[in-house]
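Inside the fold
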Protein chains: 2
Amino acid sequence: MTARSSSESTRDIPEATVARLPVYLRALNTLADDAIRTCSSEELALAAGVNSAKLRKDLSYLGSYGTRGVGYDVDYLRYQIAREIGVTQDWPVVIVGIGNLGHALANYSGFRSRGFRVVALLDADETRHGEVVAGVEVRPFGDLEEIVESHGVAIGVIATPAGAAQDVSDRMVGCGITSILNFAPSVIAVPDGVDVRKVDLSIELQILAYHEQRKANIS
Amino acid sequence: MTARSSSESTRDIPEATVARLPVYLRALNTLADDAIRTCSSEELALAAGVNSAKLRKDLSYLGSYGTRGVGYDVDYLRYQIAREIGVTQDWPVVIVGIGNLGHALANYSGFRSRGFRVVALLDADETRHGEVVAGVEVRPFGDLEEIVESHGVAIGVIATPAGAAQDVSDRMVGCGITSILNFAPSVIAVPDGVDVRKVDLSIELQILAYHEQRKANIS
DNA sequence: GTCGATTTGTTCTCGCGTTCACAAACTCCT
DNA sequence: AGGAGTTTGTGAACGCGAGAACAAATCGAC
């Protein structure tokens, strides 16, 4: 409908679609690894675990990158999705809280390969300072402002105990971080304009337990 | 409307509500730790980070456990939610894949305190067998069937690389596991009746990156 | 015992997301 | 060149969830 200028691609993509784009991207990467050049919406939907109509509608928000009667060019679509999400550029990331989970996150190769670079590991516990994890030295939490400023960090990861999460969040927001991924099992409050996503391991298990309990009670 | 018999409490709770119940439960636990006996829907909603109308509607699916003009009894509501979710009972859990993430999961105290007991750690890599993590010995993946049967395990956690996830899933389903929490960055296919929840670290970051990119492009 | 204040439980409306179904567009074969 | 076969992109219907608003119920004061 609307005329679309060169790189001014999309207006607003529904949140549900945004959450699925990374899944499509991964599926496309897998296809590319298998030297597959072209795929239909049906094939890609299968690989991504979604309905093909939903996939097509999702992709239509980005533009018309398919060819009717043929399908999608894997490499081309892959690039378009990556550009839309923003993973074609480099995102510096700070991780606060280097416990068991922080360790695992720092070592997670999936970040590196998707444009996320861990520029600093911070912890309040001084006995951990100087320790090197995944090639990065653990530094005092007080260094946060300096690091965020010098590297232009916009994304912070909280992997602390619940009690520290709100304080860490406040400090992050205070020095200009506008996106937070929170692994601490607590609700954190942030001002408007700051995005928070929450990953809670035990909540996921509790949801499974609920359904499991229902299955057992077929009375 | 419907007459409600003794322990036959609810019919079907919306999925969105089920996902929030654990959040309410945690908020209630925090209140209880502060020796608070009673709370209004407004207070609890604030602690849980949701709208109070939504909270009341969610709780109404469980029954009428509040008192008008007063609020909710913290301990009583806490018990009711815990019973509804199923965390009053003990859930044996198996974790497959003891890499960085598997280590972190095995050590995560939030599982133990919510009724989940890690009964076994399995890994395909023989060099890891015998290693003790969080008080549990790492055993060969081939022991899965025996362990699931002897402990009555219904919930499995996959923390392997992407390539192994589908195989592990198939084996789990094959020996009777009906709920899977998948941390591997891949889509797994399971038969009807098996629940899968997926936690993907890099996808969460990519979603944040998308919004971050939008913030930067205010052009 | 009655009145006012308070808070729950529920009804209603609205918007988002999912899915179906089909027209438009492209390829290939003859 | 034309027709058959495919596959995309999208309009329309449907169902679920969020939030506002209100009636019902309880407590406390007098």
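Here is what the cut-offs are and how they apply
Residues numbered from 1 in each chain as written. Chains lettered and ligands numbered in written order. Predicted model: local features only at pLDDT ≥ 70, side-chain atom pairs only at ≥ 80, totals over all residues. Heavy atoms only, no water. Core = buried A, V, L, I, M, F, W, Y, C linked by side-chain atoms within 4.5 Å. Buried < 20%, exposed > 50% of the residue type's maximum accessible area, 1.4 Å probe, protein only. Helix = DSSP H or I, 4+ residues; strand = E, 2+ residues; numbered from the N terminus. Pairing = 2+ DSSP bridges. Right-handed = clockwise from strand over helix to strand, strands pointing away. Contact = heavy atoms within 4.5 Å. Axes fitted to C-alpha atoms, helices over the stretch in contact; angles between N-to-C directions. Polar contact = N/O pair within 3.5 Å; in protein donor to acceptor, adjacent residues only side chain to side chain. Near = heavy atom within 4 Å. Nonpolar A, V, L, I, M, F, W, Y, C, P; charged D, E, K, R; others polar. 1 Å grid on protein atoms, 1.4 Å probe; cavity = no way out; pocket = protein on both sides within 12 Å on 5 of 7 lines; lining within 4 Å. Points joined across faces, edges and corners; volume = space filled by probe spheres on them. Least-squares fit on C-alpha atoms with pLDDT ≥ 70 in both. Phe/Tyr/Trp six-rings, centres within 6.5 Å; stacked < 30°, edge-to-face > 60°. Domains from an automatic or database assignment. Buried area = accessible area lost by both parts, 1.4 Å probe. Salt bridge = Lys/Arg side-chain N within 4 Å of Asp/Glu carboxyl O.

**Considerations on the nonpolar core**
If you look at the biggest cluster of nonpolar residues, it comprises 105 residues, and the most contacted ones within it are Ile81 of chain A together with Ile81 of chain B. Among the elements that take part in this core, helix 1 (residues 15-33) of chain A stands out by supplying eight residues, more than any other. Counting residues in each nonpolar core, the second largest holds 20 residues, with Val96, Ile147, Cys175 and Ile177 of chain A among its members.

**What about the pairing of strand 9 (residues 179-182) of chain A?**
Residue and element names in this part refer to chain A. Here strand 9 shows a buried face lined by Ser179 and Leu181 and a second buried face lined by Ile180 and Asn182. Summarising the sheet, strand 8 (residues 155-158) and strand 9 pair through four bridges and their orientation is parallel. What sits directly across from Ile155, in strand 9, is Ser179. For the crossover from strand 8 across helix 8 (residues 162-174) to strand 9, the handedness is right-handed. Bridge analysis of strand 9 against strand 10 (residues 195-198) gives four bridges, and the strand direction is parallel. By the bridge assignment, Ser179 is partnered in strand 10 with Asp195.

**Quick notes on the sheet that holds strand 7 (residues 136-140) of chain A**
Ordered in space as 6-7-5-4-8-9-10 (chain A), the seven strands form an open sheet in which the pairing is mixed. Every other strand in the sheet has two partners, leaving strand 6 (132-133) and strand 10 of chain A as the edge strands with one partner each. By the bridge criterion, four bridges tie strand 4 (residues 91-96) of chain A to strand 8 of chain A in an arrangement that is parallel. Counted as the bridge partner of Val94 of chain A is Gly156 of chain A from strand 8 of chain A. In the packing of helix 9 (residues 201-216) of chain B onto the sheet, contacts are made with strand 4, strand 5 (116-123), strand 8, strand 9 and strand 10 of chain A, and the angle to strand 9 of chain A comes to roughly 165°.

**Re the environment of Asp75 of chain B**
All names here are of chain B. Among the structural elements, Asp75 can be located in helix 4 (residues 74-85). When the C-alpha positions of Asp75 and Gly49 are compared, they lie 20 Å apart, and in sequence the two are 26 residues distant. Within the structure, Asp75 has its side chain in polar contact with the side chain of Arg78 (distance 2.7 Å).

**Description of the protein's contact with DNA strand D**
Of all residues adjacent to DNA strand D, which total 27 residues, the nearest are Ser41 and Tyr72 of chain A together with Arg20, Lys57 and Arg68 of chain B. Atoms of DNA strand D within 4 Å of the protein belong to the sugar or the phosphate in 65% of instances, the rest to bases. Contact between DNA strand D and Lys57 of chain B: a base oxygen at 2.3 Å from a side-chain N or O atom of the residue. Elements with a contribution of two residues or more to the surface near DNA strand D: helix 3 (52-62), strand 2 (66-67) and strand 3 (71-73) of chain A together with helix 1 (15-33) and helix 3 (52-60) of chain B. In terms of residues, the surface near DNA strand D owes the most to one element, helix 3 of chain B, which gives four residues.

**Regarding the protein's contact with DNA strand C**
In the vicinity of DNA strand C, 27 residues are found, and the nearest of them are Arg20, Lys57 and Arg68 of chain A together with Ser41 and Tyr72 of chain B. The sugar-phosphate backbone supplies 65% of the atoms of DNA strand C found within 4 Å of the protein. Lys54 of chain A has a polar side-chain atom sitting 3.4 Å from a phosphate oxygen of DNA strand C. One of the side-chain N or O atoms of Tyr72 of chain B is found 2.7 Å from a phosphate oxygen in DNA strand C. Listing elements by their share of the surface near DNA strand C, those giving two or more residues are helix 1 and helix 3 of chain A together with helix 3, strand 2 (66-67) and strand 3 (71-73) of chain B. Take the surface near DNA strand C: its biggest share by element is four residues, from helix 3 of chain A. A class-by-class count of the residues in the surface near DNA strand C yields seven nonpolar, 11 polar and nine charged.

**Re the layout of surface pockets**
If you add up the space inside the largest pocket, you get close to 1,400 Å³. Forming the walls of the largest pocket are 39 residues, and the residues nearest its centre are Arg197, Lys198 and Glu204 of chain A together with Arg197 and Glu204 of chain B. Every element with two or more residues in the lining of the largest pocket is listed here: helix 1, strand 10 and helix 9 (201-216) of chain A together with helix 1, strand 10 (195-198) and helix 9 of chain B. With five residues, the single largest contributor to the lining of the largest pocket is helix 1 of chain B. In terms of residue class, the lining of the largest pocket is built from 21 nonpolar, six polar and 12 charged.

**Structural notes on the relation of the copies chain B and chain A**
Take chain B, turn it by 180°, move it 0.0 Å along the axis, and it overlays chain A with an RMSD of 0.1 Å. In short, the pair behaves as if placed about a two-fold rotation axis. Take the interface residues of chain B: 100% of them recur as interface residues in chain A, which is what a same-surface contact looks like.

**Comments concerning the packing of aromatic side chains**
Residue and element names in this part refer to chain A. Inspection of the entire model under this criterion finds four aromatic pairs over all chains. For the pair Tyr65 and Tyr76, a centre-to-centre distance of 5.6 Å together with 85° between the ring planes defines the contact as edge-to-face. Of the two residues, Tyr65 is situated in the loop between helix 3 and strand 2 and Tyr76 in helix 4 (residues 74-85); the sequence distance between them amounts to 11 residues. For the pair Tyr108 and Phe111, a centre-to-centre distance of 4.9 Å together with 90° between the ring planes defines the contact as edge-to-face. The buried category is assigned to Phe111, whose relative accessible area is 4%.

**Regarding unusual backbone geometry**
In this structure, Ala134 of chain A is a non-glycine residue whose phi angle is positive, near 55°. Structurally, Ala134 of chain A can be placed in the loop between strand 6 and strand 7.

**Observations regarding the domain arrangement of chain A**
Frequently, the measure chosen for interface size is the accessible area removed from exposure when the parts meet. Domain assignment breaks chain A into domain 1 (15-85) and domain 2 (91-203). Computed over C-alpha atoms, the centres of domain 1 of chain A and domain 2 of chain A are 31 Å apart.

**Notes on the interface of chain B and chain A**
At the interface, 65 residues of chain B touch 65 residues of chain A. Summing both partners gives a buried area of about 5,600 Å² for chain B against chain A, and 63% of it is carried by carbon and sulfur. Inspection of the region where chain B meets chain A yields six salt bridges. For Glu204 of chain A, the salt bridge identified is with Arg197 of chain B, shortest N-O distance 2.4 Å. There are 24 residue pairs in polar contact (both at pLDDT 80 or more) connecting chain B and chain A.

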